[in-house]
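Residue-level structure breakdown
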Amino acid sequence: MQEFHENKYAQYILMDNIVHIIYKQGIEIDLEASKLIVRDRLMFQEERAYPVLCDIRHLRRVDKPARDYLALEGSQLIKALAFIIEPPVTDAMTQFYLKTNHPDIPTASFQELAKAMIFLGRFLAMVPILAFF
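Below, the structure is looked at part by part. (Residues numbered from 1 in each chain as written. Predicted model: local features only at pLDDT ≥ 70, side-chain atom pairs only at ≥ 80, totals over all residues. Heavy atoms only, no water.)

Some details on the overall build of the protein chain
A tally of helices and strands in the protein chain yields four helices and eight strands. Ordering the α and β elements of the protein chain from the N terminus gives β-β-β-β-α-β-β-α-β-α-β-α. Out of the 133 residues in the protein chain, the part that is buried amounts to 44%. A fraction of 77% describes how many contacts in the protein chain between residues 6 or more apart in sequence connect residues 24 or more apart. Accessible area of the protein chain: about 7,900 Å², with a carbon and sulfur share of 58%. (Helix = DSSP H or I, 4+ residues; strand = E, 2+ residues; numbered from the N terminus. Buried < 20%, exposed > 50% of the residue type's maximum accessible area, 1.4 Å probe, protein only. Contact = heavy atoms within 4.5 Å. Areas by Shrake-Rupley, 256 points an atom, 1.4 Å probe, with all protein chains shown as cover.)

Focus on the packing of aromatic side chains
Tallying each qualifying case throughout the model produces three aromatic pairs. When the ring of Tyr-12 is compared with that of Phe-44, the centres are 6.1 Å apart and the planes differ by 45 degrees; the resulting orientation is tilted. With Tyr-12 in strand S2 (residues 10-15) and Phe-44 in helix H1 (residues 31-45), the pair connects residues that are 32 residues apart, well separated along the chain. With relative accessibility at 0%, the residue Tyr-12 sits in the buried group. Looking at Phe-44, the relative accessible area reads 0%, which means it is buried. (Phe/Tyr/Trp six-rings, centres within 6.5 Å; stacked < 30°, edge-to-face > 60°.)

Structural notes on the side chain of Ser-75
Along the chain, the position of Ser-75 falls in the loop between helix H2 (64-71) and strand S7 (78-84). Judged by relative accessible area, Ser-75 falls into the buried class, the value being 17%. Residues contacting Ser-75, with those up to four places away along its chain left out, are Arg-41, Leu-70 and Ile-105.

As C-alpha coordinates, then:
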(Lines give C-alpha, C1' and ligand atoms only; values in the text may rest on other atoms or scores of the structure.)
Protein backbone atom coordinates (compact mmCIF):
# COMPACT_ATOMS: atom_id res chain seq x y z
CA MET A 1 0.00 0.00 0.00
CA GLN A 2 1.20 3.49 -0.74
CA GLU A 3 2.00 5.71 2.23
CA PHE A 4 1.18 9.11 0.69
CA HIS A 5 -1.39 10.60 -1.67
CA GLU A 6 -2.41 14.19 -2.38
CA ASN A 7 -5.20 15.97 -4.21
CA LYS A 8 -6.19 19.64 -4.33
CA TYR A 9 -8.08 19.34 -1.01
CA ALA A 10 -5.95 17.17 1.25
CA GLN A 11 -2.94 14.99 1.87
CA TYR A 12 -3.40 11.34 2.83
CA ILE A 13 -0.66 9.71 4.90
CA LEU A 14 -0.55 6.19 6.35
CA MET A 15 1.37 6.21 9.62
CA ASP A 16 1.30 3.50 12.30
CA ASN A 17 -1.77 1.89 10.66
CA ILE A 18 -3.76 5.11 10.97
CA VAL A 19 -4.80 7.12 7.91
CA HIS A 20 -4.07 10.82 8.42
CA ILE A 21 -6.02 13.24 6.24
CA ILE A 22 -4.65 16.75 6.43
CA TYR A 23 -6.89 19.33 4.77
CA LYS A 24 -5.18 22.19 2.97
CA GLN A 25 -5.35 25.84 4.02
CA GLY A 26 -8.62 27.68 3.33
CA ILE A 27 -10.41 24.79 1.60
CA GLU A 28 -14.18 24.88 1.14
CA ILE A 29 -15.82 21.50 0.59
CA ASP A 30 -18.95 21.06 -1.49
CA LEU A 31 -20.60 17.82 -2.64
CA GLU A 32 -18.27 17.39 -5.63
CA ALA A 33 -15.20 17.88 -3.44
CA SER A 34 -16.50 15.46 -0.81
CA LYS A 35 -16.96 12.75 -3.45
CA LEU A 36 -13.38 13.22 -4.65
CA ILE A 37 -12.05 13.20 -1.09
CA VAL A 38 -13.87 9.94 -0.27
CA ARG A 39 -12.95 8.32 -3.59
CA ASP A 40 -9.27 9.13 -3.06
CA ARG A 41 -9.34 7.88 0.54
CA LEU A 42 -10.94 4.57 -0.47
CA MET A 43 -8.39 4.16 -3.28
CA PHE A 44 -5.58 5.04 -0.86
CA GLN A 45 -6.81 2.47 1.69
CA GLU A 46 -7.00 -0.29 -0.95
CA GLU A 47 -10.24 -1.77 0.49
CA ARG A 48 -8.84 -2.05 4.04
CA ALA A 49 -10.54 -0.53 7.09
CA TYR A 50 -8.44 1.84 9.22
CA PRO A 51 -8.86 4.35 12.01
CA VAL A 52 -8.76 7.82 10.42
CA LEU A 53 -7.43 11.11 11.77
CA CYS A 54 -8.75 14.24 10.00
CA ASP A 55 -6.81 17.42 10.61
CA ILE A 56 -9.42 20.07 9.79
CA ARG A 57 -7.74 23.03 11.50
CA HIS A 58 -7.24 24.90 8.22
CA LEU A 59 -10.58 23.98 6.65
CA ARG A 60 -12.78 26.98 5.92
CA ARG A 61 -16.22 25.49 5.31
CA VAL A 62 -18.17 22.31 4.51
CA ASP A 63 -21.64 22.74 3.00
CA LYS A 64 -24.64 20.61 4.04
CA PRO A 65 -24.73 18.24 1.02
CA ALA A 66 -21.01 17.57 1.57
CA ARG A 67 -21.52 16.95 5.32
CA ASP A 68 -24.36 14.52 4.55
CA TYR A 69 -22.26 12.66 1.99
CA LEU A 70 -19.25 12.47 4.30
CA ALA A 71 -21.42 11.19 7.18
CA LEU A 72 -22.91 8.34 5.12
CA GLU A 73 -20.84 7.27 2.13
CA GLY A 74 -17.75 8.85 3.61
CA SER A 75 -17.70 6.52 6.61
CA GLN A 76 -16.96 3.41 4.54
CA LEU A 77 -13.90 1.48 5.72
CA ILE A 78 -13.37 3.74 8.73
CA LYS A 79 -13.01 1.96 12.08
CA ALA A 80 -13.02 5.20 14.08
CA LEU A 81 -12.65 8.89 13.28
CA ALA A 82 -10.80 11.61 15.19
CA PHE A 83 -10.89 15.27 14.18
CA ILE A 84 -8.02 17.60 15.06
CA ILE A 85 -9.62 20.99 15.59
CA GLU A 86 -8.69 24.53 16.49
CA PRO A 87 -11.34 26.62 18.24
CA PRO A 88 -13.46 28.44 17.56
CA VAL A 89 -14.18 27.77 13.86
CA THR A 90 -13.36 24.10 13.36
CA ASP A 91 -14.61 23.28 16.86
CA ALA A 92 -18.02 24.73 16.00
CA MET A 93 -18.01 22.91 12.64
CA THR A 94 -17.23 19.58 14.29
CA GLN A 95 -19.78 19.96 17.07
CA PHE A 96 -22.45 20.83 14.52
CA TYR A 97 -21.47 17.80 12.38
CA LEU A 98 -21.64 15.42 15.37
CA LYS A 99 -25.01 16.75 16.54
CA THR A 100 -26.73 16.79 13.16
CA ASN A 101 -25.21 13.81 11.33
CA HIS A 102 -24.89 11.22 14.11
CA PRO A 103 -22.06 9.19 12.56
CA ASP A 104 -22.33 5.38 12.86
CA ILE A 105 -18.64 5.03 13.70
CA PRO A 106 -16.87 6.09 16.89
CA THR A 107 -16.08 9.78 16.34
CA ALA A 108 -14.50 12.43 18.55
CA SER A 109 -12.73 15.78 18.24
CA PHE A 110 -9.48 16.82 19.88
CA GLN A 111 -7.27 19.87 20.10
CA GLU A 112 -4.21 17.72 20.82
CA LEU A 113 -2.80 15.17 18.40
CA ALA A 114 -1.57 12.90 21.22
CA LYS A 115 -5.09 12.52 22.64
CA ALA A 116 -6.52 11.80 19.20
CA MET A 117 -3.90 9.10 18.64
CA ILE A 118 -4.74 7.46 21.98
CA PHE A 119 -8.43 7.43 20.99
CA LEU A 120 -7.69 5.92 17.56
CA GLY A 121 -5.20 3.45 19.01
CA ARG A 122 -8.07 1.65 20.71
CA PHE A 123 -9.38 0.69 17.27
CA LEU A 124 -6.21 -0.76 15.79
CA ALA A 125 -6.54 -4.44 14.99
CA MET A 126 -4.75 -6.68 17.40
CA VAL A 127 -2.49 -9.08 15.56
CA PRO A 128 -2.26 -12.46 17.26
CA ILE A 129 1.23 -13.57 18.16
CA LEU A 130 1.89 -17.19 17.29
CA ALA A 131 4.43 -19.13 19.22
CA PHE A 132 6.24 -21.90 17.44
CA PHE A 133 7.86 -24.62 19.49
